[in-house]
Amino acid sequence: MKSATIDHLMKAPLPQLLVELGVDLVESNITDASFFGALVERRDGTLILAMPVGRSPFERDTAARMLLAEGLGLDAPPVPAPLEVSRA
């Protein structure tokens, strides 16, 4: 996967960060309130960030950064309960 630092991940504007990391942002049609998004690595190594529609900008930005930190293997603080990031 692409490289980044946790400091840059938390401070850079999200649109800029996605371009730098080569991440494609797509809208997810999953409507489950407990789904905050998914980061998928394609076979070729490119990344897709699938985010649900209808969330507040803050919620969307926060979830995206949590997923990117986990997917990039960065040493980020744990997500607050009851949220969890899982790998499949």
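Residues numbered from 1 in each chain as written. Predicted model: local features only at pLDDT ≥ 70, side-chain atom pairs only at ≥ 80, totals over all residues. Heavy atoms only, no water.

Draft legend 1. Representation of the sheet that holds strand β3 (residues 47–52) in the model. Taken in spatial order, the three strands line up as β1-β3-β2 in an open sheet, and their pairing is mixed. Each edge of the open sheet is held by one strand with a lone partner, namely β1 (23–28) and β2 (38–41). Strand after strand, the sheet turns through a mean of 25° between neighbouring axes, direction not considered. Note that β2 and β3 share four bridges and pair antiparallel. Within the sheet, the bridge partner assigned to Ala 38 lies in β3 and is Ala 50. Running over the sheet, helix α3 (residues 57–71) touches β1, β2 and β3 and is turned about 150° from β3. (Pairing = 2+ DSSP bridges. Helix = DSSP H or I, 4+ residues; strand = E, 2+ residues; numbered from the N terminus. Axes fitted to C-alpha atoms, helices over the stretch in contact; angles between N-to-C directions. Contact = heavy atoms within 4.5 Å.)

Draft legend 2. Seen up close, the pairing of β3. Summarising burial for β3: six of the six residues are buried, a large majority. Alternating residues of β3 divide into Leu 47, Leu 49 and Met 51 and Ile 48, Ala 50 and Pro 52, and every residue in both groups is buried. Direction of pairing for β1 relative to β3: parallel, over a ladder of six bridges. Bridge pairing links Ser 28 to Pro 52 in β3. (Buried < 20%, exposed > 50% of the residue type's maximum accessible area, 1.4 Å probe, protein only.)

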